[in-house]
Amino acid sequence: MEIRPIEPSDAPALVKAHDHLSDESRRLRFFRPHPVLSASEASFFTHVDHHDREAFVAVDGPFIAAVGRYDVVAPGVAEVAIVVGEPYQHHGLATALLDALAQRAREVGISRFVADTMGENRAAIALMRHWSPNRKSSFDSGYIHFEMPLSA
C-alpha cells in the first residue's frame, strides 16, 4: 500500500472509492447520509494547496483505500478527517495517514489537530485515543471533540 499526497487526477478514483463505502461509513464520515460524491465535491477534495489544505491517499494499485485530510481552521490549528474503505479497515491505514498528515502539518507550522466524531464511532474514538495520548476531549450533543497537540 502506498501513501501519497492526493492529486487532482485522483477525482474519479475518489468518487469510485466513495461509491464502495458502506452507507454507515459514509454517514460516520459526513455526519449524515451522503450516498453520492459529486464531481464538484471530488474536485474540491482533490485540489489542495499542500499548506492550509492537505490530503493523503492510501492506494492499492488503482484503488483509493483510504483518505486523510486536514484543513486549517485557526492559526496553528487544523481539523483532521479520515475515512477508510471497509476491506481496509483495522489494518493501520488511519494511523499511517494521521502520521503523514502530522508530519506535513508540523512542516507548515501547525501545532494542533482537532477532530469531531459521532459518539457512536468507536473506531474513530479508539484511533484518537491511541494516536494522541495527550489529547483533550469533550462531549456535546452526541459528538466528541478532540484536541490533539502535535509533538515535535
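Residues numbered from 1 in each chain as written. Predicted model: local features only at pLDDT ≥ 70, side-chain atom pairs only at ≥ 80, totals over all residues. Heavy atoms only, no water.

> Go over the overall build of the protein chain, please, and point to the residues and values.
Within the protein chain, the secondary structure is distributed over 5 helices and 7 strands. Ordered by position from the N terminus, the helices and strands of the protein chain form the series β-α-α-α-β-β-β-α-β-α-β-β. In terms of principal-axis extent, the alpha carbons of the protein chain reach across some 35 × 35 × 30 Å. Looking at the 152 residues of the protein chain, the share that counts as buried comes to 43%. Accessible surface, the protein chain: about 8100 Å² in total, of which carbon and sulfur atoms supply 55%. Distance between charge centres in the protein chain, computed from 15 positive and 20 negative side chains, equals 4 Å. (Helix = DSSP H or I, 4+ residues; strand = E, 2+ residues; numbered from the N terminus. Buried < 20%, exposed > 50% of the residue type's maximum accessible area, 1.4 Å probe, protein only. Areas by Shrake-Rupley, 256 points an atom, 1.4 Å probe, with all protein chains shown as cover. Lys, Arg positive; Asp, Glu negative; His and termini not counted. Charge placed at Lys NZ, Arg CZ, Asp CG, Glu CD.)

> Explain the packing of helix H1 (residues 11–20) against helix H3 (residues 39–46) to me, using residue names and the numbers behind them.
Contact pair H1 / H3: the axes reach a minimum separation of 9 Å and the direction vectors enclose 115 degrees. The two elements H1 and H3 cross, and the hand of that crossing is right-handed. Of the residues in H3, those touching H1 at Ala11, Leu14 and Val15 are Ala42, Phe45 and Thr46. Considering only residue class, the contact of H1 with H3 consists of 5 nonpolar, 1 polar and no charged. (Axes fitted to C-alpha atoms, helices over the stretch in contact; angles between N-to-C directions. Left-handed = near helix turned anticlockwise from the far one by under 90°. Contact = heavy atoms within 4.5 Å. Nonpolar A, V, L, I, M, F, W, Y, C, P; charged D, E, K, R; others polar.)

> Could you give me a rundown of the nonpolar core, with the residues and numbers involved?
Counting 29 residues, the largest nonpolar core has Tyr70, Ile110, Phe113 and Met148 as its most contacted members. Secondary structure elements with two or more residues in this core: strand E2 (53–60), strand E3 (63–74), strand E4 (77–84), helix H4 (93–107), strand E5 (112–118), helix H5 (122–131) and strand E7 (143–149). Here the element with the most residues in this core is H4; it accounts for 8 residues. Once residues lying within four places of it in the same chain are set aside, the contact partners of methionine 148 are Val80, Ser111, Arg112, Phe113, Val114, Ala115, Met128, Trp131, Ser132 and Arg135. (Core = buried A, V, L, I, M, F, W, Y, C linked by side-chain atoms within 4.5 Å.)

> Break down the sheet that holds E5 for me, citing the residues and quoting the values.
Pairing is mixed in the open sheet, where 7 strands are placed in the order E1-E2-E3-E4-E5-E7-E6. Both outer strands of the open sheet, strand E1 (2–5) and strand E6 (136–140), are each paired with one neighbouring strand and no more. The mean inter-strand angle of the sheet, taken between neighbouring strand axes irrespective of direction, is 20 degrees. Where E2 and E3 come together, 8 bridges link them in antiparallel fashion. Counted as the bridge partner of valine 57 is valine 67 from E3. Its contacts with the sheet put H4 on E1, E2, E3, E4 and E5, and the angle it makes with E3 is roughly 40 degrees. (Pairing = 2+ DSSP bridges.)

> Would you mind going over the side chain of arginine 53 in detail, with residue names and values included?
Assignment of secondary structure puts arginine 53 in strand E2. Residue classification places arginine 53 among the buried positions, given a relative accessible area of 15%. A distance of 2.8 Å separates the side chain of arginine 53 from the side chain of aspartate 71, its partner in a polar contact. Apart from residues no more than four positions distant in its own chain, arginine 53 is found in contact with Phe44, Phe45, His47, Val48, Arg69, Tyr70 and Asp71. (Polar contact = N/O pair within 3.5 Å; in protein donor to acceptor, adjacent residues only side chain to side chain.)

> Summarise the packing of aromatic side chains; cite the residues concerned and give the values.
One pass over the structure, following the stated rule, counts 3 aromatic pairs. Considering the side-chain rings of tyrosine 70 and phenylalanine 113, the 6.0 Å spacing of their centres and the 40 degrees angle between planes classify their relative orientation as tilted. Of this pair, tyrosine 70 sits in strand E3 while phenylalanine 113 sits in strand E5; the two residues are 43 residues apart in sequence, bridging distant segments of the chain. Exposure class is identical for tyrosine 70 and phenylalanine 113. Each is buried. Chaining the aromatic ring pairs together yields one cluster made of Tyr70, Phe113 and Trp131. (Phe/Tyr/Trp six-rings, centres within 6.5 Å; stacked < 30°, edge-to-face > 60°.)

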